[in-house]
Amino acid sequence: MVKKRVIPCLDVARGRVVKGVRFESLRDMGDPVELALRYSELAADELVFLDITATLESRGPTLALVERAAEELSIPFTVGGGVSGLGDARALLRAGADKVAVNRAAVDDPRLLTALADEFGSQAVVCAIDSRAGEVVTHAGRNPRGLEAVVWAREAVARGAGEILLTSIDADGTRQGYDLDLTRAVAQAVETPVVASGGAGEAGHLAEAFAAGAEAAIIASIVHERPERLTELKAELKELGWNVRT
Amino acid sequence: MRVVLADYGAGNLRSVCSAFARAGAEPFVSLDPDEVREAPLAVIAGVGHVESAARGFERSGLTEALRERVAAGRPLLGICVGMQLLFEESEEGGRGLGLLPGPVRRLRAERVPHMGWNALALPRRSALLDGLDGADVYFAHSYAAEPAEPELAAATVEHGGRIVAAVERGPLAGVQFHPERSGPAGARVLENVLAWSRSA
């Protein structure tokens with residue numbers, strides 16, 4: 001049986017890990033690859049690098065980071081954030097990312113998912129969906145798209161996405177648990193793995209997300225404060241009866 | 001040991017390359033048929049589809065070089081799509097090198113792709129997977145080889161049924177998982193591969 005995955009997500013700006021409140025007052029938290037290696041030692045199953053300032057012009061440092069991560073890490077990693085189209089996604093995968101997460105660009109033109117799957121295989125293509133009250137939103141939550149998250153997830157998979165990274169804007173940052181109704185609805189709608197994101201505060205929250213059908217769960221602030229928390233979380237999940245890698 | 005990663009121009013071989021370097025080998029990427037034929041160990045690590053990878057090798061003139069090296073008994077390792085390439089028809093379209101008997105079929109599981117860490121079960125002793133019975137390694141695939149001869153399987157995993165996770169016969173070896181992305185267990189696999197190819 002494939003194990004349930006616990007995935008730390010690192011926010012990256014100009015090639016550095018940053019931490020901030022709603023993209024303001026960003027604080028430098030260090031070198032992404034060094035932090036990633038630390039998480040890897042603590043039995044992270046995968047990592048996500050989210051390039052929060054990504055524009056085409058600022059992509060240079062990120063590509064250099066991806067190349068280094070590909071060389072130094074021995075666990076898989078996804079890169080996302082501001083991926084604007086095929087050229088952008090291709091550059092990240094060619095630099096060595098195991099998967100690329102596309103969000104707005106896929107909503108704008110779903111054929112992007114097919115093009116990427118044809119070239120790199122579905123397993124490399126993650127469709128990131130941000131949802132507020134069940135509706136797809138883009139641009140860091142500012143733009144509602146008039147599209148149900150469940151409907152979009154189903155189409156994204158039909159178009160070639162091999163995984164859905166599902167973030168609830170409502171739950172994000174609350175530490176009150178993942179959006180379980182949303183997670184359950186999307187996990188039932190698609191055959192690919194669904195990664196729950198937004199709201200993790202304790203091991204029980206991850207367990208609930210797994211019970212709702214998520215194959216993996218993203219954690220961020222709870223481990224960035226103290227990376228060793230990751231090992232504890234996995235031990236707690238094991239005690240709760242979940243099949244996780246320790 | 002010099003390890004040639006056969007490059008047909010599609011995959012990113014950076015992570016495989018550095019994983020072999022960490023395991024103590026001297027990996028290099030090449031599309032030169034002589035090097036692909038003669039190096040002490042050759043590795044094929046495709047991405048995407050059997051069809052595009054097979055076409056890429058054909059176009060680069062590497063198909064013949066790979067066949068000749070296997071005929072001469074020199075070891076060849078296929079990783080992920082590279083393992084599928086050792087086999088025959090793929091349900092995804094295209095045809096592998098036909099060095100091992102059996103088709104490549106789409107997974108029949110509740111969740112496809114099979115994505116994440118899964119525990120190896122070893123049906124027999126295997127030089128490739130020595131010390132790895134029960135070890136978790138990382139998978140990311142929607143298709144898998146189904147060897148026509150069950151004794152080819154050196155490891156299996158469970159995901160909506162049994163999947164062949166590794167094969168080994170003579171100078172041929174294949175792993176459906178990603179040793180370069182499987183932490184310490186993956187590093188052990190690559191060390192075993194190097195030992196195996198020294199003795200081949």
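Placed above this text is the structure.
About the cut-offs
Residues numbered from 1 in each chain as written. Chains lettered and ligands numbered in written order. Predicted model: local features only at pLDDT ≥ 70, side-chain atom pairs only at ≥ 80, totals over all residues. Helix = DSSP H or I, 4+ residues; strand = E, 2+ residues; numbered from the N terminus. Rg over C-alpha atoms; globule rule 2.2 N^0.38 Å. Buried ≥ 20, exposed ≤ 12 C-beta atoms within 10 Å, placed from the backbone. Contact = placed C-beta atoms within 7 Å. Nonpolar A, V, L, I, M, F, W, Y, C, P; charged D, E, K, R; others polar. Axes fitted to C-alpha atoms, helices over the stretch in contact; angles between N-to-C directions. Parallel < 35°, antiparallel > 145°, perpendicular 65-115°, else oblique. Left-handed = near helix turned anticlockwise from the far one by under 90°. Arc of directions from axis to C-beta. Core = buried A, V, L, I, M, F, W, Y, C linked by C-beta atoms within 7 Å.

(A) A look at the overall build of chain B. From N to C terminus, chain B includes six helices and eleven strands. Here the C-alpha atoms of chain B give a radius of gyration of 15 Å, agreeing with the 16 Å that 2.2 N^0.38 yields for 200 residues. Expressed along its principal axes, the backbone C-alpha trace of chain B runs to roughly 45 × 35 × 30 Å. Taken across its 200 residues, chain B has 60% of its residues classed as buried. For chain B, the proportion of contacts with a sequence separation of at least 24, taken over those separated by at least 6, is 69%.

(B) Structural view of the overall build of chain A. Regarding its fold elements, chain A presents ten helices and twelve strands. Relative to its length of 246 residues, chain A is compact, with a C-alpha radius of gyration of 16 Å against a globular reference of 18 Å. Taken along its principal axes, the extent of the C-alpha atoms in chain A is 45 × 35 × 35 Å. A sequence separation of at least 24 residues applies to 65% of the contacts in chain A between residues at least 6 apart.

(C) Geometry of the interface of chain A and chain B. Tallying the contact residues gives 29 residues for chain A and 28 residues for chain B. Take the side of chain A that touches chain B: its biggest share by element is three residues, from helix α2 (residues 59-72) of chain A. Tallied by class, residues from the side of chain A that touches chain B come to nine nonpolar, eight polar and twelve charged.

(D) Quick look at the packing of helix α3 (residues 86-95) of chain A against helix α5 (residues 111-120) of chain A. All names here are of chain A. Where α3 meets α5, the closest approach of the two axes is 10 Å, and the angle between their N-to-C directions is 30°. Our classification of the angle between α3 and α5 gives roughly parallel. Seen from above, α3 lies across α5 with right-handed handedness. Contacts between α3 and α5 involve L86, A89 and L93 on the former and, on the latter, L112, A115, L116 and F120. Here the contact of α3 with α5 is composed, by residue class, of seven nonpolar, no polar and no charged.

(E) Expanded view of helix α1 (residues 32-41) of chain A. All names here are of chain A. Taken as a whole, α1 has its buried residues at P32, V33, A36, Y39 and S40. One side of α1 carries all its buried residues, which in axial view fall inside an arc of 120°. Of the residues trailing α1, A43 is marked for its positive phi of about 75°.

(F) Expanded view of the nonpolar core. Core analysis: the largest hydrophobic core is formed by 160 residues, its most contacted members being A:V100, A:I164, A:V186, A:V195, A:A217 and B:V43. For A:V100, the residues in contact, after removing those within four places along its chain, are A:T78, A:V79, A:G80, A:V83, A:A89, A:L92, A:L93, A:A124, A:V125 and A:V126.

(G) Representation of helix α3 (residues 50-59) of chain B. All names here are of chain B. By the burial criterion, the buried members of α3 are V50, S52, A53, A54, G56 and F57. The inward-facing, buried residues of α3 abut α4 (62-71), α5 (81-84) and β5 (104-106). Backbone geometry just after α3 places G61 at a positive phi near 70°.

(H) Quick peek at the environment of A:A161. All names here are of chain A. Inspection of the secondary structure assignment puts A161 in the loop between α6 (149-159) and β10 (163-168). For the pair A161 and V125, spaced 36 residues apart in sequence, the C-alpha to C-alpha distance is 5.1 Å. Those residues in contact with A161, other than ones at most four positions away along the chain, are L113, S122, V125, V126, C127, A156 and T192.

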